[in-house]
Amino acid sequence: MKVIKIKFEYGCFPVWVYGENDELIDNDLPPYLVGDSDVDPKFVHIQEMYDSLYLNDGKEFKYIGFKENEERESFFRELLLAINLLKDKLDDEYTIEDNMEHVKKLL
């Protein structure tokens, strides 16, 4: 069974697809969901929110974090909604690992 992991890296789509032997297949949605009008924009927006946590002005690159706790809470609400929508649309070929507690500790 293929595994979808939700992981964040600056400038990368947060959905990572791995094969049965834990080899990276793609950094995108499964092919049948690429361009999906519900799922795709939600993850694009979440990645934009994540990228905004960094200063990248061409001279300096550093993590600056959320300005307010409400922004952090909003990020995790939107992430949870996107993950649940993705779970609803996945076929039996995939399982999903979201590791939300780990992400919360990092951010």
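Just so you know, these numbers come straight off a predicted model, no measurement behind them.

Conventions adopted
Residues numbered from 1 in each chain as written. Predicted model: local features only at pLDDT ≥ 70, side-chain atom pairs only at ≥ 80, totals over all residues. Heavy atoms only, no water. Helix = DSSP H or I, 4+ residues; strand = E, 2+ residues; numbered from the N terminus. Contact = heavy atoms within 4.5 Å. Pairing = 2+ DSSP bridges. Axes fitted to C-alpha atoms, helices over the stretch in contact; angles between N-to-C directions. Polar contact = N/O pair within 3.5 Å; in protein donor to acceptor, adjacent residues only side chain to side chain. Salt bridge = Lys/Arg side-chain N within 4 Å of Asp/Glu carboxyl O. Buried < 20%, exposed > 50% of the residue type's maximum accessible area, 1.4 Å probe, protein only. Expected span 1.5 Å × (residues − 1). Core = buried A, V, L, I, M, F, W, Y, C linked by side-chain atoms within 4.5 Å.

Draft legend 1. Structural detail: the side chain of Asp40. Positionally, Asp40 belongs in helix α1 (residues 39-51). Contact partners of Asp40, with chain neighbours within four places excluded, come to Phe13, Leu29, Val34 and Gly35.

Draft legend 2. Local environment of unusual backbone geometry. Phi angles above zero are rare outside glycine, and Asp22 is one such case at about 65°. Looking at where Asp22 falls in the secondary structure, it is placed in the loop between β2 (15-18) and β3 (24-26).

Draft legend 3. A look at the sheet that holds strand β1 (residues 2-6). Read from one edge to the other, the open sheet built from 4 strands follows the order β3-β2-β1-β6, with strand pairing classed as mixed. Edge strands, defined here as strands with exactly one partner in the open sheet, are β3 and β6 (94-97). With direction set aside, neighbouring strand axes in the sheet form an average angle of 35°. Where β1 meets β6, 4 bridges bridge the pair, whose relative direction is parallel. The residue bridging Val3 from the neighbouring strand is Thr95, located in β6.

Draft legend 4. Structural context of the side chain of Gln47. Structurally, the position occupied by Gln47 is in helix α1. A polar atom in the side chain of Gln47 sits 3.1 Å from the backbone oxygen of Cys12. Beyond its immediate stretch of four places on either side in the chain, Gln47 contacts Phe8, Glu9, Tyr10, Gly11, Cys12, Phe13 and Pro14.

Draft legend 5. Focus on the pattern of salt bridges. Applying the stated criterion across every chain, the model contains 6 salt bridges. The salt bridge partner of Glu93 is Lys2, with a shortest N-O separation of 2.8 Å. One end of the pair, Glu93, is in the loop between α2 (69-89) and β6; the other, Lys2, is in strand β1, and 91 residues separate them in sequence. Residue Glu93 is classed as partly exposed on the basis of its relative accessible area of 36%. Look at Lys2 and you get partly exposed, because its relative accessible area is 25%.

Draft legend 6. Molecular detail of α1. With 13 residues, α1 should reach 18 Å at 1.5 Å per residue; the first-to-last C-alpha distance of 19 Å fits that figure. Residues of α1 that are buried: Val39, Asp40, Phe43, Ile46, Gln47, Met49, Tyr50 and Asp51. Against the buried residues of α1 lie β1, β2, β4 (54-56) and α2.

Draft legend 7. Fine view of the nonpolar core. Among the nonpolar cores identified, the biggest contains 26 residues, and Ile6, Phe43, Phe75, Leu79 and Leu86 are the most heavily contacted of them. Ranked by residues supplied to this core, first place goes to α2 with 6 residues. Those residues in contact with Ile6 that sit more than four places away from it in its chain are Pro14, Val15, Phe43, Leu79, Ile83, Leu86, Ile96, Glu97 and Asp98.

Read these as geometric descriptors, not functional statements.
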